[in-house]
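Architecture at a glance
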Amino acid sequence: MTAEPSGWAHFGHVRMPDYRWGIFLAPPEAGRRIPFGDHAGEPAWQELPGEYRAPLRGLIVTQGDTEPASVEQQRRLGHTCPSLYDLRNLFQVNVEEGRHLWAMVYLLDAFFGRDGREEAEMLLERRSGDPDRPRILNAFNEPTPDWLSFFMFTFFTDRDGKYQLSSLADSGFDPLSRTCRFMLTEEAHHMFVGESGVARVVQRACELMRAHDTDHIRAHGGIDLATLQKYLNFHFSVSIDLFGQELSTNAANYFTMGLKGRFQETRIEDDHRLRDATYPVLRMTDGGIVEQAAPALNALNERLRDAYVQDCARGLARWNKVIRSFGIPTTLTLPHRAFNRAIGGFSAQRVAPDGRVVDQATWEAKVGDWLPTADDRAFIASLMQPVTAPGQVAGWIAPPARGIDGKGLDYDYVRLT
Ligand SMILES: [Fe+2]
Ligand SMILES: [Fe+2]
């Protein structure tokens, strides 16, 4: 099924057993050409390019694996929704992630024959957080136990999806390009859910700080800004790991083969081959963290991560605007990219959120100020009480600025039977 710009969304109620999946691709672009790499300028491939079968299958499987993973991570959140509006958004996100899995499985089945079907079976066997058969990428094995984590996840981790899908949307393999272009339109809504969700938590925190003249608003049922900062630190650091090593031969090969481009590849003005180009990369050295020029082809992961970090910063600026509107002198900040990393050159060192390299003892003494503690998580869990009456919203989060599809907040977005 092709998704035309006139729209595919339905806003009415659908009973769960009546829901039907579809495969959605952006409309074909007549005469589309491969925009980068060794094949730049050649017609885009409508059939699988045989020599790139294995790397393409790997890219599709890795992307496909993330889609059901997030649904598995989020599958219990319906029990503790802060409002019917939020429950409806959760269901939409989950349905769309399921559809993204469907789209990736379609590519495996339609173009890769038997080994594609075997990969699809293995996608079904893996489970988020399963010690024996975990999901491929670690951020997708972290639990999403509460709605603050859900909003942080949809802001930070779905945004990684945006950057991965954007670079695949320029792929020379046209069926992959078309599915990713469609998926991107849905990813925008997931990030909206995250950004507006956190903004509402921030707003409620500020209201309580003003009403009670204190930063310590937990006793008043709010999530304090210090705790929000710790959740932000956690989700940002696990999400930037998803971009991989700073320098990567795989990334160089995907680009040269014409399989995976840069963010907004077609809008960049250069030769789109990058054989002699360099790119600045932060590296951990004996003398600390320094910027070095690296071959641009090898630095493509870092380049994509840079675009992602800038995008995250724009969201934080909007949250900080909410805080400033209350006259509160606190600023939420992104931690340094070397903080709390498990992948890449920074993973061997302990680094504070401000970028200082610290020893293990300092890390252990301070980590409770930087990342959510068991106590923080228990407090957030204690707030997670379901609110399912139309028009009602939990006390730890402000109501949304507006409803969905012109409906008010008192609309029954979900009918529970
Ligand atoms: Fe997705
Ligand atoms: Fe998503």
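What you see is a predicted model, and the numbers here were worked out from it, not measured in a lab.

**As for empty space enclosed by the protein**
Summed over all chains, the structure comprises four cavities of 30 Å³ or more. Taken as a whole, the largest cavity spans an internal volume of roughly 80 Å³. Surrounding the largest cavity, Ala251, Lys260, Gly261, Arg262, Leu300, Asn301 and Leu304 form its lining. Counting residues per element, the lining of the largest cavity draws most heavily on helix H7 (residues 300-325), which supplies three residues. Here the lining of the largest cavity is composed, by residue class, of three nonpolar, two polar and two charged. The space that makes up the second largest cavity amounts to roughly 40 Å³. In terms of lining residues, the second largest cavity is bounded by Gln73, Ala139, Glu142, Pro143, Thr144, Phe153, Thr157, Phe234, His235 and Val238. Elements that contribute at least two residues to the lining of the second largest cavity include exactly helix H3 (147-169) and helix H5 (225-241). Of all the elements, H5 adds the most residues to the lining of the second largest cavity, at three residues. A breakdown of the residues in the lining of the second largest cavity according to their chemical character gives five nonpolar, four polar and one charged.

**Looking at the coordination of the iron ion (ligand 2)**
Within the protein, the iron ion (ligand 2) binds to Glu97 (OE), Asp158 (OD), Glu187 (OE) and His190 (ND1); these donor distances fall in the range 1.7 to 2.2 Å. Counting gaps between the donor residues of the iron ion (ligand 2) yields the pattern E-x60-D-x28-E-x2-H. The distance between the iron ion (ligand 2) and the iron ion (ligand 1) is 3.5 Å, with glutamate 97 acting as a donor to both metals. Taken together, the positions of aspartate 158 in helix H3 and glutamate 187 in helix H4 (residues 174-212) put the pair 29 residues apart, joining distant regions of the chain. In terms of burial, aspartate 158 and glutamate 187 fall into one category: buried.

**Considering the coordination of the iron ion (ligand 1)**
Around the iron ion (ligand 1), the protein contributes the donor atoms Glu67 (OE), Glu97 (OE) and His100 (ND1), which lie 2.1 to 2.2 Å from the metal centre. Counting gaps between the donor residues of the iron ion (ligand 1) yields the pattern E-x29-E-x2-H. Take glutamate 67: its relative accessible area is 2%, and that puts it in the buried class.

Cut-off values and rules
Residues numbered from 1 in each chain as written. Chains lettered and ligands numbered in written order. Predicted model: local features only at pLDDT ≥ 70, side-chain atom pairs only at ≥ 80, totals over all residues. Heavy atoms only, no water. 1 Å grid on protein atoms, 1.4 Å probe; cavity = no way out; pocket = protein on both sides within 12 Å on 5 of 7 lines; lining within 4 Å. Points joined across faces, edges and corners; volume = space filled by probe spheres on them. Helix = DSSP H or I, 4+ residues; strand = E, 2+ residues; numbered from the N terminus. Nonpolar A, V, L, I, M, F, W, Y, C, P; charged D, E, K, R; others polar. Donors = N, O, S within 2.8 Å, 3.2 Å for Na, K, Ca; no water. Buried < 20%, exposed > 50% of the residue type's maximum accessible area, 1.4 Å probe, protein only.

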